[in-house]
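Read off the chains here:
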Amino acid sequence: MSNKVQVAVFVNGKKVQKKVEPRLLLTDFIREECNLTGTHLGCEHGVCGACTILVDNEPVRSCLMFAVQADGCDIQTVESLNSVDGPLNVLQQSFSDNHALQCGFCTPGFLMTLTHFLIDNENPTENEIREAISGNLCRCTGYANIIKAVQQAAQILQKEKSNSSVVSAQ
Amino acid sequence: MKPAVFSYLRPTNLQEALMFLEEYGEDAKILSGGQSLIPTMNMRLSAPAYLIDISRISDLNYIKLDGDFLAVGALTKHKDIENSDLVKEACPLLSEAIRWVGHAQIRNRGTVGGSIAHGDPSAELPCVLTALRGEIVIANVDGSEEVLVPEEFFLTYMLTSLQPDQMVKEVRFPIIPKESGSAFLELARRHGDFGLAEVAAVVDIDDEGHLLNVKIAVGGVNPTPTALEQVEEYLIGKKLTDEVLRQVSDLTQESVDPESDLHGTAEYRRELAGTLTVRALKIAVERARGGNNNVQ
Ligand SMILES: Cc1cc2nc3c(=O)[nH]c(=O)nc-3n(C[C@H](O)[C@H](O)[C@H](O)COP(=O)(O)OP(=O)(O)OC[C@H]3O[C@@H](n4cnc5c(N)ncnc54)[C@H](O)[C@@H]3O)c2cc1C
Ligand code: FES
Ligand code: FES
């Protein structure tokens, strides 16, 4: 049955245009049509958060969207956080420094949720961090190290920001 | 887990959506935010032949004052309610409740119309609407509209009076006067999960703290959200003494018939409904007394 529909999206800044079945989930579109396998599928019904990506700059569950619904949207996946051979970004490095991942399966979802969170929350409290990650499940770390990683990342980002404002004021 | 094959329709205005509903109603499902429908499709609990994606109908996304009501378009997202100063002003109960709806990622996509149409008995918005005695505006395919109250709309567990060729167009939350106090309380295993029980309450008091007016509903403990009419009547003219609150708890527990599941037994949920009702009333009265119904 060919009832394929045209989908045009920007994925990590690159335009992607494909004909897909309407039932193709956005996660599968990203993984199989765009060959970006950093976005993981855990539960496929909205509970675990492993598939979290940014659609038009907002974190959403990519397993609860059909690719066709994203037509015309701007998508960012975990691959957008650093270049393939480049250094880790601040949040990624903080995860690494603090053992905020063990198996790493949940990590892309956490990173995308937190990337958005840290934009609006420069100096988050522990409670705010816990609330922010309440939609992401991790079976390994027990969350404590993830919280530490976010605190470290927030500090570094704040420092970087005040340094750069000093520079620009000079 | 993959959804079954379907044909995808994307109307750009209400009229077109209604036309599709007229043509495919029985075999079609409306897709709004997809946060409840897509999980069931992924699990193949639902396999509609047509999906009518209404999410791009832009004129159904609004929050505005309309007479005594805060009128919310069906496509308004949960996160828009959460961020709205108008909602905070006009219906703080709704501002307080919305934060209990799923997680931020869910609230970024889920819609008010979808939440009402889904009819989940433990969902927060139906509970708030029931407490406030709000209204649901339904669009028929012939262009006519109907206005239903929650009691008429929510029939039982996940079942509403909505027909296959009808659509929820607007949800109308009565404006809460400044001098009233309101409170929304819920207990869930983890914030963002569906509640084990939840309570929405609004009260007016006189200078001595006697209750003049009480509206209260519970969710998650009956097949539909339930207005606690007995409690409301009982409380008129009374102060919240220990004895009165004990009676409130008993009356609440008599009005609910929860089921046991993985997350809690029926007995536990029944008691919880009583306890949360008492706590919600205390907080609502406190807020009315302070003349400050601001929700933090
Ligand atoms: C992990 C998780 C946790 C959640 N936790 C909560 C929670 O704690 N509390 C809560 O309330 N919800 C919760 N939800 C559900 C969420 O709030 C949904 O957004 C909401 O229930 C449905 O809104 P939607 O726009 O996504 O609807 P959809 O999923 O698009 O649709 C739901 C149903 O309503 C119908 N429908 C949608 N819009 C209309 C309309 N305008 N007219 C007629 N029919 C319509 C659809 O055909 C479908 O049958 C959760 C979801 C997930 C995945
Ligand atoms: S895979 Fe999407 S939430 Fe679990
Ligand atoms: S690191 Fe293994 S699930 Fe989170």
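Quick notes on the rules
Residues numbered from 1 in each chain as written. Chains lettered and ligands numbered in written order. Predicted model: local features only at pLDDT ≥ 70, side-chain atom pairs only at ≥ 80, totals over all residues. Heavy atoms only, no water. Helix = DSSP H or I, 4+ residues; strand = E, 2+ residues; numbered from the N terminus. Contact = heavy atoms within 4.5 Å. Areas by Shrake-Rupley, 256 points an atom, 1.4 Å probe, with all protein chains shown as cover. Lys, Arg positive; Asp, Glu negative; His and termini not counted. Charge placed at Lys NZ, Arg CZ, Asp CG, Glu CD. Near = heavy atom within 4 Å. Polar contact = N/O pair within 3.5 Å; in protein donor to acceptor, adjacent residues only side chain to side chain. Buried < 20%, exposed > 50% of the residue type's maximum accessible area, 1.4 Å probe, protein only. Pairing = 2+ DSSP bridges. Axes fitted to C-alpha atoms, helices over the stretch in contact; angles between N-to-C directions. Buried area = accessible area lost by both parts, 1.4 Å probe. Salt bridge = Lys/Arg side-chain N within 4 Å of Asp/Glu carboxyl O. Domains from an automatic or database assignment. Nonpolar A, V, L, I, M, F, W, Y, C, P; charged D, E, K, R; others polar.

Caption draft 1: How the structure looks around the overall build of chain B. Within chain B one finds 12 helices and 14 strands. With respect to the principal axes defined by its C-alpha atoms, chain B has extents near 60 × 45 × 30 Å. In chain B, the share of contacts with a sequence separation of at least 24, taken over all contacts with a separation of at least 6, comes to 63%. Accessible area of chain B: about 12,600 Å², with a carbon and sulfur share of 48%. Once the 28 positive and 45 negative side-chain charges of chain B are each reduced to a mean point, those two points are 8 Å apart.

Caption draft 2: Broad picture of the site of ligand 1. All names here are of chain B. The environment of ligand 1 is formed by 32 residues, the closest being Ile30, Gln35, Leu37, Thr111 and Glu124. One nitrogen or oxygen atom from the main chain of Gly102 is found 3.2 Å from an oxygen atom belonging to ligand 1. For ligand 1, whose free accessible area comes to 960 Å², the fraction covered by protein is 94%. Residue contributions to the shell around ligand 1 peak at four residues, all from helix α7 (residues 112–118).

Caption draft 3: Representation of helix α8 (residues 124–132) of chain B. Residues and elements named next belong to chain B. Most of α8 is tucked away: nine of the nine residues are buried. Residues of α8 that are buried: Glu124, Leu125, Pro126, Cys127, Val128, Leu129, Thr130, Ala131 and Leu132. After α8 finishes, the residue Arg133 shows a positive phi value of roughly 60°.

Caption draft 4: Molecular detail of the sheet that holds strand β4 (residues 58–61) of chain A. Residues and elements named next belong to chain A. Read across the sheet, five strands follow the order β2-β1-β5-β3-β4 without closing on themselves; strand pairing throughout is mixed. Because the sheet does not close on itself, it has two edges, and the strands there are β2 (14–20) and β4. With direction set aside, neighbouring strand axes in the sheet form an average angle of 40°. Of the strand pairs in this sheet, strand β1 (residues 5–11) and strand β5 (residues 74–76) are connected by two bridges, and their pairing is parallel. Across the sheet, Val11 pairs through a bridge with Ile75, a residue of β5. Each of β1, β2, β3 (52–55) and β5 touches helix α1 (residues 26–33); the most contacted strand, β2, lies at about 110° to it. Relative to the sheet, helix α3 (residues 107–120) contacts β3, β4 and β5, its axis offset from that of β3 by approximately 40°.

Caption draft 5: View of the interface of chain B and chain A. Contacts between the two partners involve 32 residues from chain B and, on the opposite side, 32 residues from chain A. Both faces considered, chain B and chain A share a buried interface measuring about 2,600 Å² in area, 52% of it formed by carbon and sulfur atoms. When the buried area of chain B at its contact with chain A is split by residue, Val5, Gln105 and Arg109 of chain B rank highest and sum to 22% of it. Linking chain B with chain A are four salt bridges. A salt bridge links Glu44 of chain A to Lys2 of chain B, with the shortest nitrogen-to-oxygen separation between them at 2.8 Å. Across the chain B-chain A interface, the total number found is 16 residue pairs in polar contact (both at pLDDT 80 or more). At the level of elements, β1 (7–9), α2 (37–42), β3 (50–53) and α6 (104–107) of chain B are the ones that each hand at least two residues to the side of chain B that touches chain A. Ranked by the residues each element gives to the side of chain B that touches chain A, the list is headed by α2 of chain B, at four residues.

Caption draft 6: Local environment of the domain arrangement of chain A. Residues and elements named next belong to chain A. Along its sequence, chain A is carved into domain 1 (5–79) and domain 2 (90–165). The centre of domain 1, based on its C-alpha atoms, is set 22 Å off from the matching centre of domain 2. Listed as interface residues are 18 residues of domain 1 and, on the opposing side, 11 residues of domain 2. Roughly 1,100 Å² of surface becomes buried between domain 1 and domain 2 when both sides are summed, with 65% attributable to carbon and sulfur atoms. The largest per-residue losses of area from domain 1 upon contact with domain 2 belong to His40, Thr52 and Val78, which jointly make up 37% of the total buried on that side. Summed over the shared surface of domain 1 and domain 2, the number is zero salt bridges. At the boundary of domain 1 and domain 2, one finds five residue pairs in polar contact (both at pLDDT 80 or more). Where the side of domain 1 that touches domain 2 is concerned, the elements lending two or more residues are β3 and β4. Split by residue class, the side of domain 1 that touches domain 2 holds eight nonpolar, eight polar and two charged.

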